Amino acid sequence: MSSCASADTAGAYLLGALSDDEAYAFELHLSACVMCQHDMRRLEGAAGALGTAVPTVQAPPELGMRIRSIVRSEAELLRAAGPEADRPRSRERSRRGLLPWRPRLALGTALAAGALAGLVVGAIVLGGSPSGTHVFHARILEASVTPGASASLAVTGGRGTLSVNHFPSPPRGKVYEVWLLGPGGSPRPTDALFSVSSNGSGTVAVPGSLRGVREILVTAEPDGGSQKPTSSPLLAARTYA
Amino acid sequence: MRTLLDDLPAEQRRVIELAYFAGFTHTEIADMLTIPVGTVKGRMRLGLEKLRLRMEISGVTT
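Residues numbered from 1 in each chain as written. Chains lettered and ligands numbered in written order. Predicted model: local features only at pLDDT ≥ 70, side-chain atom pairs only at ≥ 80, totals over all residues. Heavy atoms only, no water.

### Quick notes on the packing of helix α3 (residues 26-33) of chain B against helix α4 (residues 37-58) of chain B
Residue and element names in this part refer to chain B.
Item 1. Between α3 and α4, whose axes approach to 8 Å, the crossing angle comes to 110°. Considering the angle they form, α3 stands roughly perpendicular to α4. Crossing of α3 against α4: the hand is right-handed. Where α3 approaches α4, its residues His26, Thr27, Ile29 and Ala30 are matched on the opposing element by Val37, Val40, Lys41 and Met44. (Axes fitted to C-alpha atoms, helices over the stretch in contact; angles between N-to-C directions. Helix = DSSP H or I, 4+ residues; strand = E, 2+ residues; numbered from the N terminus. Parallel < 35°, antiparallel > 145°, perpendicular 65-115°, else oblique. Left-handed = near helix turned anticlockwise from the far one by under 90°. Contact = heavy atoms within 4.5 Å.)

### Structural notes on the packing of aromatic side chains
Residues and elements named next belong to chain A.
Item 1. Considering all chains together, one arrives at two aromatic pairs over all chains under this definition.
Item 2. Ring centres 5.3 Å apart and planes at 45° place the aromatic pair Tyr13 and Phe26 in the tilted group. Taken together, the residues span a long stretch of sequence, with Tyr13 in helix α1 (residues 9-14) and Phe26 in helix α2 (residues 20-30) at a distance of 13 residues. Neither residue differs from the other here; Tyr13 and Phe26 are each classed as buried.
Item 3. Between the aromatic rings of Tyr176 and Phe194, the centroid separation amounts to 5.6 Å while the plane-to-plane angle is 40°, which identifies the pairing as tilted. Pair noted here: Tyr176 is in strand β5 (residues 174-181) and Phe194 is in strand β6 (residues 187-194), with a separation of 18 residues, a long-range link. Phe194 carries the same exposure label as Tyr176, and that label is buried. (Phe/Tyr/Trp six-rings, centres within 6.5 Å; stacked < 30°, edge-to-face > 60°. Buried < 20%, exposed > 50% of the residue type's maximum accessible area, 1.4 Å probe, protein only.)

Encoded structure:
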């Protein structure tokens, strides 16, 4: 559509996907490029509205490395599975809040997941990776959970990331909360609260180290989370083989 | 808005989510997905363009 060498840069700029140097260079270019100015005006409304799609969650500093690892793994799986593997499923409502503009340090739980109802999960090691990531498959026992639902815990360097697929949304007014179960038997609360995207999938980082943690539990809790579980665990995943 | 985002083609939704929600740059996303940087930027632009059109159709305002 345009002969401008930066024709596709406006989108990346509006999404905060340029480095600081690239963003500065684009801003200089923008002052003199009518085409890119037009792109900015056309796309900025959509980019700004993304903030209404998810609630704000402060990401732990180590999360970036774990996301990179998971995305690489998913990309490899999707390439192996073919183009139909990632087709969106039918719509389901999900509840989202606000996310600040250009949230470099924030992670939306849009990428997070969960929906569960009385699950107990046994862990099966699916495999390790050259980067030292071990993925434990969660076995879902609760019949009311969406058929085809699955969950897995990826453990890298003693830290975990829980992923779910094809899970229902949490009940209205509730979120899913991750708990850590140690040898003592009493689950410890975390600030890992999540919902699921409309296709029932998502990923949530398990805060802190898994050292001394026997299992990861997930329950449905009132919005904002709880200090003690108010319902039975919906999902549990071991943290070791 | 979440529904509009979820209805995007998966490859466009993914690059938007990784950039906007997870804070990765286009070069980092290209590296993760092993696709060219230009493809990442193109998907971002196409995704935002579709979101804009669907927002107009759905009456979503900012």
